[in-house]
Amino acid sequence: MDPFLVTVTLFVGVILILFYLANKPRNSRYPKGPLRFPLLGNIPQLLWGRVVDKKQRQEIYQEYSKIYGPVFSTKFGPTINSVILNDPKVIKEAWNKFELCGRPKLHGTAARTGGTIRGILFQDGSEWMEQRRFTIRQLRSFGFGKRSMEHLVMDEVTELADTLRKDATAGVAVSTQKMFNAAVLNSLWRIMTGQRFSHDDKELDRILDSIQKSLTAPAGLSFVFLFPIIKTIAPNLSGWNEYLKEMLEATNFIRKFVTKRLKNPTVTDSQEAEDFTDVYIKEIKETTDKESSFYQNRGEETLMATLLDLFVAGAETTSTTLTYFFLYMALFPEKQEKLQKEIDAVVGTRHPTLEDRTRMPYTEATIMETLRFSSMVPLGLIHRAMEDTELAGFLIPKNTFLTANLYNVHHSPEIWGDPANFRPERFLSPDATQVVKNDALMPFSWGKRLCLGEQLAKDELFLFVTTLLQEFGVHEDPSSPEPLTTEQVSANIINPPKPHKLLFKLRKN
Ligand code: HEM
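On a predicted model such as this, the values are computed, not experimentally measured, just so you know. (Residues numbered from 1 in each chain as written. Predicted model: local features only at pLDDT ≥ 70, side-chain atom pairs only at ≥ 80, totals over all residues. Heavy atoms only, no water.)

This brings us to the coordination of the iron atom of the ligand. In this structure the iron atom of the ligand is ligated by exactly one protein donor, Cys451 (SG), at 2.3 Å. Relative to the helices and strands, Cys451 resides in the loop between α18 (413-416) and α19 (454-471). (Donors = N, O, S within 2.8 Å, 3.2 Å for Na, K, Ca; no water. Helix = DSSP H or I, 4+ residues; strand = E, 2+ residues; numbered from the N terminus.)

Computed from the structure, the second largest pocket encloses a volume of approximately 550 Å³. Lining the second largest pocket are 24 residues, and of these Glu364, Met368, Lys437, Leu441 and Lys458 lie nearest its centre. Only α16 (361-374) and α19 provide two or more residues apiece to the lining of the second largest pocket. No other element matches the five residues that α16 contributes to the lining of the second largest pocket. Within the lining of the second largest pocket, the residues separate by chemical class into 13 nonpolar, five polar and six charged. (1 Å grid on protein atoms, 1.4 Å probe; cavity = no way out; pocket = protein on both sides within 12 Å on 5 of 7 lines; lining within 4 Å. Points joined across faces, edges and corners; volume = space filled by probe spheres on them. Nonpolar A, V, L, I, M, F, W, Y, C, P; charged D, E, K, R; others polar.)

Membership of the largest hydrophobic core comes to 73 residues, with the highest contact counts inside it found for Leu85 and Phe326. Those residues within four positions of Phe326 in sequence are excluded, and the remaining contacts are Phe180, Phe464, Val465, Leu468, Leu469, Val474, Leu502 and Phe504. Within the second largest apolar cluster, 40 residues are counted, among which are Ile120, Leu188, Leu204 and Val312. (Core = buried A, V, L, I, M, F, W, Y, C linked by side-chain atoms within 4.5 Å. Buried < 20%, exposed > 50% of the residue type's maximum accessible area, 1.4 Å probe, protein only. Contact = heavy atoms within 4.5 Å.)

Moving on to the environment of Val90. With respect to the helices, strands and loops of the structure, Val90 is situated in helix α4 (residues 88-95). Residue contacts for Val90: discarding those within four places in its chain leaves Val71, Leu85, Leu391 and Ala392.

In this section: the UniProt feature "binding site: heme" (unreviewed entry) in the protein chain. Here the UniProt feature "binding site: heme" (unreviewed entry) sits at Cys451. Given the relative accessible area of 33%, Cys451 is considered partly exposed. (UniProt positions renumbered as here; feature names shortened; annotations may be inferred.)

Within the structure shown, the criterion is met by 34 salt bridges. We note a salt bridge from Glu425 to Lys338, for which the minimum N-O separation is 2.7 Å. In this pair, Glu425 sits in the loop between α18 and α19 while Lys338 sits in helix α15 (residues 333-346), placing the two residues 87 residues apart along the sequence. In this structure, Asp418 and Arg426 form a salt bridge, with 2.8 Å as the shortest nitrogen-oxygen distance. You can call Arg426 buried: its relative accessible area is 13%. Residues participating in the shared-partner salt-bridge network are Asp155, Glu156, Glu159, Arg190 and Arg196. (Salt bridge = Lys/Arg side-chain N within 4 Å of Asp/Glu carboxyl O.)

On to the UniProt feature "transmembrane region" (unreviewed entry) in the protein chain, then. According to UniProt, the "transmembrane region" (unreviewed entry) feature falls on residues 6-22 and 310-331. With 100% helix and 0% strand, the stretch residues 310-331 has end C-alpha atoms that lie 32 Å from each other.

Structure representation (structure tokens):
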């Protein structure tokens, strides 16, 4: 037999076997998915979609869900199996199951807290449950959802309005990218630590910049998370060193704060705690159970991680939503006008309060539409199956990663009819007097991992939006070289809008 023919036959045979093995279903009820390449899984298709088709990951997943259905599987490299959920009903079913609410054990997330995963955001199991419950209880007792919180938020909006007034009078267009960060973070930070930052605090600016860079790190960095070897081979080229440097800025800042507070407590043991950190330290002192995440050194490390989680999650998310909100107001001036009419009619010239909310359906609907339209956390945070689990007739094996394509849910024509239009009216009753909720709107995710800052974020969004639009009109900057666009920057977790500037003009002058 011709040796060339033998070689070709063998080569083709090996390739076919490798493809067969790569595509062999993990069990008879495992979700289907696109063809997997040996060793690489679906990385080639994802790269092609990103580089050639210029599509974001959520858009690529959206295309796949049209072919493989609302639950499909992908594979990254030889070992990481991932299931993508594209339907709100399935997402709810999944995120209500404790077994599907684990987190992947990624070295990238461990590196930020000294090599061991601690806290809430990236933790699972008993430590996650213990920390999450404690944090929710304490945040409520310190003001989440209460009048006292409202005052903290209003202090911040008022200061921001003072700065904007100067810019408006000078006719200067402002970049809204970082504008809300400190103001939004401060209300949370006062509850957590008793401290606030001045809006032009340079250290905070640097840390928030680092958080922004690490959260919006190039999407290519996900590959480093999935394949740790890349960071050893190409620590600089892969972006790993830069990511770590940025991430550790915030870690070091929080570590410094915790060390100082442990050495110099602000209250004695018999005094009432004044902030979250005080209560936490009290809990550490009172914990005798060695298994508890509050126990001694582990407790101190976990305090650091939990504060870091809230700092990171609280700083970037709400402020990016506000950036989107004002961008949309400039892009859709007729919506802005309607909203301002509602503010003028209900609030008039006094300060807005949270009690106004029920009488301001258009404002509420516009905030909801902003959260839907921007879907700035498009794929939520990755979950992990902690056990073999039944889901919507499928069998999801232990350690499978799960991703909710929130972007797809928020942009499904079957659910919204005209998802590509910014139309707050979709959340209003026909007579426009009531907000109509839609369960498919889930920007804060769902179930056991539901964002624990949802209440604060909603309160802040309402108070910032109403206070600022009461006084200012927001407009496109005519001197800008590029027109405003709804386009997003593709990123790691949070997708910000493209950098832009807006003109804030005083409404009554
Ligand atoms: C508009 C603002 C916000 C949005 C859209 C948002 C969205 C989300 C999403 C999608 C998740 C992932 C849930 C999952 O894994 O299924 C999450 C988790 C989380 N968020 Fe938010 N968030 C916002 C504001 C905040 C704020 C202000 C805080 C601070 C108090 C916060 C703290 C957290 C924490 C600690 C988690 C982790 C929960 C857990 O793993 O158990 N978020 N958020």
